[in-house]
Amino acid sequence: MDIDPCFGTLEDFKLLVKECHDRDIKVILDGVFNHCGPDFFAFRDVLEKGEKSEYVDWFYKLQFPIERSPRPNYEAFAYVAAMPKLNTGNPKVLDYCLKVGRFWIRECDIDGWRMDVANEINHDFFREFKKAIREEKADSFLIGEIWEDSSVWLLGDQFDSTMNYTFTNICKDFFAFKNISVSQFDARMQKMLHRYPMQVSLAQMNFLDTHDVGRFLSFCDGDENKLKLALAFMMTSPGIPSVFYGDEKGMTGIEECDYRRPMPWDKSSDLEDYYRQWIQIRLNSKALCQGNYRTEYIDDERQIYVFSRTYEDEKRLVCINAGDKDIELNLGQRICCKANSAICL
């Protein structure tokens, strides 16, 4: 319940949140409650006192004496000794984590949590956690890191959203690798959207890459046109579009040491204006933020995909031209789309 002094003080963070709120920016913290670090007070106590520690039941399958190498003789995330796994089924651990969840909302006015390794934590934990943070702030938002089907976490009693890796994989296959047709792309998108109720799909966290996978531009072999098409699609499709820092500057990397490099603040890129353009297109349209999703036209040979988003009396038509020729269509209105580009009408 404090800030690492490398980053500043608690007061610095409170000021940061306030300045963000003044600019209509929400702040969500990343909560890691599946495991802790080696200097966490409870684990430190276990190391010092062994079986006599009052925190023995805070962890899984401890064996005494504790051994940390060559492999830990206790449950740890990814078998890494420095990340002992917390027993979130223990009421005392749950109570501690709920206090943490409440603390940062009450003291610093954050707007929600993104929960790390959510699929390795019991469901009752998230039910209680959501109740706790909603008591502190009624519109607090809870996102879970789930890599697979998230249906059981999205029934209303746990998460508001999960990280949509399915969306990422579909975009990789179509835009980056080009190993599926337009028809196959549409079929997989429709399957993904129909997996959840529409209000859930509208809240799913969509992204092209994250801190856990390679940069999308690298999967595109450095072809910025492919990244631009994927970005345009993400900004116009159902879900919450999320940009990983540096993508707008053309950052690349397949290995962790590369894709987690620091932000190249001094590097300028034409991509930045493209990102701004499509972000504004989305923000200025209720249909793109809240509307339904309907496939309007598919052309496998020319690699043309047209879909619409409709909300109340607003309808937006989006054309993705992944082919190498300019096209002209008439779908109730005239559509002219250049090769390897996207437009929103």
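Model, not experiment: these values are computed from the prediction.

So, about the overall build of the protein. The helix and strand tally for the protein stands at 12 helices and 12 strands. Structurally, the protein occupies a C-alpha span of about 75 × 45 × 40 Å along its principal axes. When burial is assessed residue by residue, the protein has 50% of its 345 residues classed as buried. Put simply, of all contacts in the protein between residues at least 6 apart along the chain, 59% involve residues at least 24 apart. Total accessible area on the protein is roughly 17,500 Å²; 50% of this is exposed by carbon and sulfur atoms. Charged side chains of the protein number 44 positive and 58 negative; the gap between the two group centres comes to 2 Å.

This part is about the side chain of Arg-215. Residue position: Arg-215 is located in the loop between β5 (205–207) and α8 (216–219). By relative accessible area, which is 0% here, Arg-215 ends up buried. A polar contact is formed between the side chain of Arg-215 and the backbone oxygen of Tyr-259, at a distance of 3.1 Å. Setting aside anything within four residues of it in sequence, one finds Arg-215 in contact with Asp-209, Phe-244, Tyr-245, Gly-246, Asp-247, Met-251, Thr-252, Gly-253 and Tyr-259.

Once that is clear, we can look at the packing of aromatic side chains. Counted according to the given criterion, the structure contains 34 aromatic pairs. Ring geometry for Phe-13 and Trp-104: centres 5.8 Å apart, planes at 80°, overall edge-to-face. Within this pair, whereas Phe-13 is found in helix α1 (residues 10–22), its partner Trp-104 is found in helix α3 (residues 91–108), the two being separated by 91 residues in sequence. Looking at Trp-104, the relative accessible area reads 7%, which means it is buried. An angle of 80° between the planes, with centres 5.6 Å apart, marks the rings of Phe-233 and Phe-307 as edge-to-face. In this pair, Phe-233 sits in helix α9 (residues 224–236) while Phe-307 sits in strand β8 (residues 304–311), placing the two residues 74 residues apart along the sequence. With respect to class, Phe-233 is no different from Phe-307; both count as buried. Here the aromatic cluster, defined as three or more aromatic residues joined through ring pairs, consists of Phe-167, Phe-174, Phe-175, Phe-185, Phe-233, Tyr-293, Tyr-305 and Phe-307. A cation sits over an aromatic face here: Arg-71 above Tyr-79, 4.6 Å from the ring centre. Just above the ring of Tyr-274 sits the side chain of Lys-228; from NZ or CZ to the centre is 5.2 Å.

The step from Phe-64 to Pro-65 runs through a cis peptide bond, and the omega angle for that step is 0°. By the secondary structure assignment, Pro-65 is in the loop between α2 (41–49) and α3. Positive phi values are uncommon outside glycine, yet Asn-340 reaches one of about 50°. In this fold, Asn-340 is placed in the loop between β11 (334–337) and β12 (341–344). Judged by its relative accessible area of 31%, Asn-340 is partly exposed.

What follows covers helix α4 (residues 123–136). Over its 14 residues, α4 runs 21 Å from end to end, which matches the ideal 20 Å to within 8%, given 1.5 Å per residue. Buried within α4 we find Phe-125, Phe-126, Phe-129, Lys-130, Ala-132 and Ile-133. On an axial view of α4, the arc spanned by its buried residues comes to 165°, and they lie on one face. Elements in contact with the buried residues of α4: α3, β2 (112–115) and β3 (141–144).

Rules of the game
- Residues numbered from 1 in each chain as written.
- Predicted model: local features only at pLDDT ≥ 70, side-chain atom pairs only at ≥ 80, totals over all residues.
- Heavy atoms only, no water.
- Helix = DSSP H or I, 4+ residues; strand = E, 2+ residues; numbered from the N terminus.
- Buried < 20%, exposed > 50% of the residue type's maximum accessible area, 1.4 Å probe, protein only.
- Contact = heavy atoms within 4.5 Å.
- Areas by Shrake-Rupley, 256 points an atom, 1.4 Å probe, with all protein chains shown as cover.
- Lys, Arg positive; Asp, Glu negative; His and termini not counted.
- Charge placed at Lys NZ, Arg CZ, Asp CG, Glu CD.
- Polar contact = N/O pair within 3.5 Å; in protein donor to acceptor, adjacent residues only side chain to side chain.
- Phe/Tyr/Trp six-rings, centres within 6.5 Å; stacked < 30°, edge-to-face > 60°.
- Lys NZ or Arg CZ within 6 Å of the ring centre and 35° of its normal.
- Expected span 1.5 Å × (residues − 1).
- Arc of directions from axis to C-beta.

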